[in-house]
Every structure is written in structure tokens, then in C-alpha cells.
Amino acid sequence: MKPQDLNILIVEDDNFQRQILVNILRSLGATSIQEAENGIQALEIIRGAQSNPVEIVICDLNMPKMDGMEFLRHIGKEHHNIAVIITSALDSKLLASVSRMTELHGIKLLGAIEKPVLLATLKELLSKYAKSESSAKETTSAKKFTLDEISNGIRANQVEPYFQPKVDLATGRLVGAEALARWIHPEYGVIGPDEFIPLLEQCSKLDELTFMMLEKAAAACHLFHNNGHILTVSVNLSLTSLNDTSLADKITKVVRDVGIDPQYIVLEVTESAAMTDGAAALENLARLCMNGFSLSIDDYGTGYSSLQQLTRIAFSELKIDQSFVKDFATNEALRIVVESSVDMARKLEVKSIAEGVETRQDWDSLKGIGCDTVQGYYIARPMPVSEFNEFIKNYKHEPASEVSKPEAHLIPNHPKIKILVVEDDDFTRKIVLRVLQDFGFTNTVDVNSAQSAIKLFEVEKFDLIITDVNMPVMNGLKLVQLIRAGKTHAKPETRIMVLTSFSQTEILGTALALDVNGFLVKPIIPAVAEQKLAQAMSERIHLHSPIAYETIRTELKSLPNIEINHLTNNSGGKAITLGNKTRNNEEENVRHLSIRWLRPQMILKENVYLKDGTMLLSSGHKLTELSINRINDLEILLPAKGIAVQEA
């Protein structure tokens, strides 16, 4: 809706300030403008405008007879369908407080701005009205629904997921979507979740809806993947559901029955639910993580958690509530809260996601403070699966101002690079092949076992091998070992990447010892995979003697407790054993360096462990470009302290 189509009321006691606002609105094209000097006059105008109701009020706070706060209270009580823009010369913190009060009165607040009012700022706030109107149309009736009506709607399969896209801020790429419940009512149209979910939750009747949404969202995710768009889909999980001890197994079955791997489903749990002390809830969350789901703390900052509580569950995302994101770019107090949340997510080594991004300023400000992912009306409103499918096809990173050139295209002649994918799971293999094709790697071959790969080496040569680890008969690590040790027809120096999950820490040290060229972490996210592929194809390879690889044990079942013989260093010294606990820092020139300062030829002077105690490298290992790159790949799993090294 354009300004010329809006009926606007200015409530301002200062004649000069009021005239400035009138002039600004007219320059924006507004023609229907009314004026009031205080809240009493404004209410009379609003109550008398039956045929041509006021749609937007621009209101000062400090006015005689009836100030702005009392005026807003009356608007809220009388349930006028009016959007409000607050203007004032008061302190920004006080403005923020009044803004919150306005929203609690049930008033649509477009924003609060300090005087003097600027044309660009007012124009941006007016543009929000059209977006809020399109959202409001989801609920076409003010009817209060009963529990029976809602339950009947669910049983009639009338609730559908609407999908709102999530975009990676660094690249502008579409990486996922959140599934939001909408009741498609045969009489009242599209009903928003606030009209039916609170009552279901209050009556502990939310489980049926939860599983319906989960199944439909997983089916949509499967559709997106089949159409070549590898995204994650987020689904909300309620507190009441978490008390069922069998919940994790039920959720896993629903998702797998649809044909989706749990790694592509993110379960969003509200902060208050995540902070429960219930043993059943904590068991369910832990089991869901173990089954491959990612967990997200939803609406972060709106609950009453402590920092200690945030560490109790293996969350992978922290979602900043839209109440903090809205206007944070111009509100110093909100900006501090959002910056602190993003910084804490970074230190907790989880992704930060900001919801409620409505303007370009929100986008740029969040990008500037290092937020990872965003969603909101600036990108797109929630939409049904058919519309979202079209949105994916047409999405071209338009919100991003500076999208970097895809890493894979920096690889010379990359369409000619021949790649072998070794993966026993048909779905995962299909995903990897599709990602490779999207990047222009068209010369690809796939097999479902290590034995088939070895047979294929007799007749074909490959530039890159991507192999899973957990495969029957022969695991992927054994395949890598045979290649590196020259026991197959493949060239020992063939570049090899391992498909894995960073939760499988027992395999990481072995893979590093076998001089792999990188990890593709499940779930396969294209934006990340592209960068890793480029790194794997560009790094220099320096292999050890074949016998050094033959001594590495690759039996997965014994990995957690074995001592793995590592590689012989270049100087011809004795073999290094990963199980060696010895430590010697008494030699000269030993320094503790952060990862970014590590250089080839440096020698480790102490064992390197992951945070969970798994040994990664042993003292005495001579660093190479490959091992340094793999340490960087695993940085989030390493303790924060420096690594002790000695110059060669």
C-alpha cells in the first residue's frame, strides 16, 4: 500500500513540528492527512471516522491535556485497527520502554523515532504498514476458537506448514526454512498460530499438531531436495511434548519414514522449554541430538535462563527473538543485547540466527556484528510449500550487497575434474552428487561400497574421492588407508575427502593421520561444501612413506580405546604414537601459538586433544599444509589454549 492510499493522523502539540510532518508526508505522496494537537482531539477524530477510518497515527508523547501514552492506552482498549509511529525528543531508552508498552496494549507499532523526523526514516516505517497488513490478512476473523473447534480442524487435516526462508548473511545464500503452522479454515481463511496454538499448549493438546507439522515439514524438505535444493527445515517443538520419554524415538521414526535424514531437520525449542529441569525433557533433547537432529534455542532472551543452563544441551543454533531485532539498528540498548547474543553464540560455538529482519538496515547491521543467519519479511513472508518451491527457484541472493564469487569456480577447469563418491546410503549419495552438479562438477561417478571403489580403480582414475566412513564390510578409513599405502590401483596422492559428523570424534584423528584433504560435514550445506571442495583441490599434498600409513589402525569399533601409530616425520625419526602421553616442553624455542600462526615444518611439542579428550595429534608430529588445514577444520572442537610447537 502506497502513502497516497493511506489515511494518516498526526498527533502533535507543536504547530511547527506538526507542519514539518505534514510536508514530509505530502512529499511522499500522502493526500489524506488529518491533524490533532493532543490525545483528546485525536480520539474524537478516530471515533468519528466511520466511513474512512484512520489507518496510521503518528503520535508525539509529551502533549498537554492527554499525553501520548494515555492516548495509546485508549486506542488499545477500544481495539481500533490502527498502526502507530511514535515520535519524541525523549531519551531512546524511554522510547524503547513506551514501544514495548504500546505492543502490550495490542497496538501495531511500526516504530519509534527520535526527533527531528527524517524523510527517509518515515518512508521506511510507512513501508512496514503494507507488510504488516499482508501478515494481518492471515487471520480474517476476530472469532475466538474453542478447543473442540481447533481439534476438529487438526483432525480434518486443515493445518499446513508455511515456510519462511533462512539466509546465510556472509554469502546471501538460501540455507534453510522454518515451518510455521497455519490453519486453513474453510470459513475464515488463513488463521495465524496465535489464534490456536496457545490454547492447545495450555490444555496440553499440542502433540497431535506437532507430529502433523513434523511429518508435513519433513515431506516438504524431501520435495525440496528432490528438486535439487539442499536445505534444512526447522520445526517447533513444545515444552509439553518434551515430557514424553518416547518422544525422541517417535520423532525420529516420523522423519525417517518420510525418507529424510534427521540431519536436515532442525528442532526449535523455546528457551523456557530448553531450561526445564525435567529429566525426561533433558533425555529427549539429548537423544534427539544423538539421532542426528540439530537443536535450536528459539526466542532466545525472552526467558529466564542463566548462562550455565545454556550449556546443558548440545544446541547448534541460538535464535535471537524478533522483539530484540526490531529497531535494534537504531536503539542502542537493543543493539547491545543483540551484539551480546551473537558474541555469546560465537563463544559457545553455535550459529546465531536473527528473526524478524524487516529492513535493509536490519540486514546490514546484523551482518556488521557477525550474525550468521537471518529470516524475516525483508527476505520473504511465510508461504505455502508450492510458493516456497517457486521462491527457491527464483532466489538469486538479491538481499546480499556483496556476494563473493563462488569458491568452486576459482578451481581451474573444475568441470573436467573427475570425482568418485563412495557412500552406502542412497539418499546421502544423491545429495552429494546433486551438490557437486550444482557447482559445475559434472564428471562424477558414484558407488555404494569401498569394494566397488577398489574394483573401479582398476579401470578409472579420479582427481578427488569423497568417501563415507561408516560402511559395511569395509569402512571408509580402511579404503583411504589402502589408497595412501599404494595397495590399490588409485594413485596414493589422490585427493580424498571424508564424509562425517563432527560428533564422531573418534574417527577424526585417524582421518588426519591418513592425510585426508578435508571433511564434508553432515548435513551437507552447499555454501560450506563449496569452500571445502575448493580448499581440497588447491592445497599441496605431501605424503609419508607407504609403511607409515599401513601401521594406522582403522577398525571403527576399537577407535575410542586404541593407540594409533601415527606417521614417521620427515627427518627419519621414530614413529609417533597417538597414544603416547609423554610431554616435553623443556626444549628451547617452544612456543604456544594460536592456530592461525601455525606453519609447515613446525614440530608439535605436546599432544593435541579435542575438547572431549580424544587425541588428534601426538607430540613430535611435523606439521604440513594438510595437517594445519585439518586443524583449522576442527578448530571448534579444540580447546581455546595455544598449541605448543618448536621451529624445525
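Residues numbered from 1 in each chain as written. Predicted model: local features only at pLDDT ≥ 70, side-chain atom pairs only at ≥ 80, totals over all residues. Heavy atoms only, no water.

With that settled, the discussion passes to the packing of helix α8 (residues 207-226) against helix α9 (residues 247-258). Axes are the key here: two packed helices are described by the angle between their axes and the distance separating the axes. In the contact formed by α8 and α9, the axes pass within 8 Å of each other and the chain directions differ by 35°. α8 and α9 meet at a crossing whose hand is right-handed. For the pair α8 and α9, contact is made by Phe 211, Leu 214, Glu 215, Ala 218, Ala 219 and His 222 and by Leu 247, Lys 250, Ile 251, Val 254, Val 255 and Val 258, respectively. Of the residues in the contact of α8 with α9, the class split is nine nonpolar, one polar and two charged. (Axes fitted to C-alpha atoms, helices over the stretch in contact; angles between N-to-C directions. Helix = DSSP H or I, 4+ residues; strand = E, 2+ residues; numbered from the N terminus. Left-handed = near helix turned anticlockwise from the far one by under 90°. Contact = heavy atoms within 4.5 Å. Nonpolar A, V, L, I, M, F, W, Y, C, P; charged D, E, K, R; others polar.)

Moving on, we come to the packing of aromatic side chains. Counted by the stated rule, this structure contains ten aromatic pairs. Consider the rings of Phe 145 and Trp 183, whose centres lie 4.7 Å apart with planes at 50°: the pair is tilted. Taken as a pair, Phe 145 in the loop between α5 (119-136) and α6 (147-155) and Trp 183 in strand β7 (residues 174-185) lie far apart in primary sequence, 38 residues in all. In this structure Phe 145 comes out as buried when scored by relative accessible area, which is 9%. Both rings, one in Phe 457 and one in Phe 462, keep their centres 6.3 Å apart while their planes meet at 65°; by these two values the pair is edge-to-face. With respect to class, Phe 457 is no different from Phe 462; both count as buried. Put simply, the rings of Phe 163, Phe 224, Phe 388, Phe 391 and Tyr 395 touch in pairs and so form one group of aromatic residues. Here the basic side chain of Lys 418 rests over the ring of Phe 462, its NZ or CZ set 5.4 Å away from the ring centre. (Phe/Tyr/Trp six-rings, centres within 6.5 Å; stacked < 30°, edge-to-face > 60°. Buried < 20%, exposed > 50% of the residue type's maximum accessible area, 1.4 Å probe, protein only. Lys NZ or Arg CZ within 6 Å of the ring centre and 35° of its normal.)

This part takes up the pairing of strand β18 (residues 495-500). Two faces belong to every sheet, and in a regular strand the side chains alternate between them. By the criterion of burial, β18 is predominantly enclosed, with six of the six residues buried. Here β18 shows two buried faces, one formed by Arg 495, Met 497 and Leu 499 and the other by Ile 496, Val 498 and Thr 500. Bridge count between strand β17 (residues 464-468) and β18: five bridges; the pairing is parallel. Looking at β18, one finds that Thr 467 is bridged to Val 498. As for the winding sense of the linkage, the β-α-β connection from β17 through helix α18 (residues 476-484) to β18 is right-handed. Note: β18 against strand β19 (residues 519-521), three bridges, orientation parallel. Across the sheet, Val 498 pairs through a bridge with Phe 519, a residue of β19. (Pairing = 2+ DSSP bridges. Right-handed = clockwise from strand over helix to strand, strands pointing away.)

Here the focus is the sheet that holds strand β21 (residues 603-604). Pairing between the strands of a sheet comes from backbone hydrogen bonds, and it takes one of two forms, parallel or antiparallel. Strand order in the open sheet formed by three strands is β20-β24-β21, with antiparallel pairing between adjacent strands. Two strands bound the open sheet, and with one partner strand each, they are β20 (590-593) and β21. Pairing of β21 with strand β24 (residues 643-646) involves two bridges; the strand directions are antiparallel. The residue of β24 that forms the bridge with Leu 604 is Val 645.

The next point concerns the pairing of strand β1 (residues 7-11). In terms of burial, β1 is largely enclosed, as five of its five residues are buried. Residue alternation in β1 divides its side chains into two sets, Asn 7, Leu 9 and Val 11 and Ile 8 and Ile 10, and both sets are buried. Pairing between β1 and strand β2 (residues 32-36): five bridges, direction parallel. Bridging from a neighbouring strand, Asn 7 pairs with Ser 32 of β2. Following the chain from β1 across helix α1 (residues 15-27) to the adjacent parallel β2, one finds a crossover that is right-handed.

Time to look at the nonpolar core. In terms of nonpolar packing, the biggest core is built from 97 residues, with Ile 265, Leu 366 and Ile 466 touching the most fellow members. If you tally residues by element for this core, the top one is α8, at ten residues. In terms of nonpolar packing, the next biggest core, distinct from the first, is built from 48 residues, Val 447, Phe 462, Val 516 and Leu 598 among them. (Core = buried A, V, L, I, M, F, W, Y, C linked by side-chain atoms within 4.5 Å.)

A few words now on α18. With eight of its nine residues buried, α18 lies for the most part within the structure. All of the buried residues in α18 are Gly 476, Leu 477, Leu 479, Val 480, Gln 481, Leu 482, Ile 483 and Arg 484. Regarding α18, its N-cap is Asn 475, as a side-chain oxygen of that residue lies 2.8 Å from the backbone nitrogen of Leu 477 further along. Once α18 ends, the next one or two residues include Gly 486, with phi positive near 75°. (Polar contact = N/O pair within 3.5 Å; in protein donor to acceptor, adjacent residues only side chain to side chain.)

For the rest of this paragraph, the subject is α6. Residues of α6 that are buried: Ile 150, Ser 151, Gly 153 and Ile 154. End-on view of α6: buried residues confined to an arc of 155°, all on one side of the axis. In α6, the exposed residues that point more than 90 degrees away from the buried face are Asp 148 and Arg 155. Where α6 is buried, its residues touch β6 (159-168), β7, α7 (197-202) and α8. Of the residues trailing α6, Asn 157 is marked for its positive phi of about 60°. (Arc of directions from axis to C-beta.)

This part takes up the side chain of Thr 252. If you trace the backbone, Thr 252 turns up in helix α9. By relative accessible area, which is 10% here, Thr 252 ends up buried. A distance of 2.8 Å separates a polar atom in the side chain of Thr 252 from the backbone oxygen of Ala 248. When sequence neighbours within four positions are dropped, the list of residues in contact with Thr 252 reads Asn 291 and Phe 293.

The five strands are arranged β16-β15-β17-β18-β19 in an open sheet whose pairing can be described as parallel. Of all strands in the sheet, those with a lone pairing partner are β16 (444-447) and β19, marking the two edges. Averaged over all pairs of adjacent strands, the angle between strand axes in this sheet comes to 20°, irrespective of strand direction. On the sheet, helix α16 (residues 426-438) packs against β15 (419-422), β16, β17 and β18 and is oriented at approximately 175° with respect to β16.

This part covers the environment of Glu 550. Structurally, Glu 550 can be placed in helix α21 (residues 546-550). Along the primary structure Glu 550 and Gln 481 are separated by 69 residues, whereas in three dimensions their C-alpha atoms are 6.8 Å apart. Those residues in contact with Glu 550 that lie beyond four places of it in its chain are Gln 481, Ala 485 and Lys 487.

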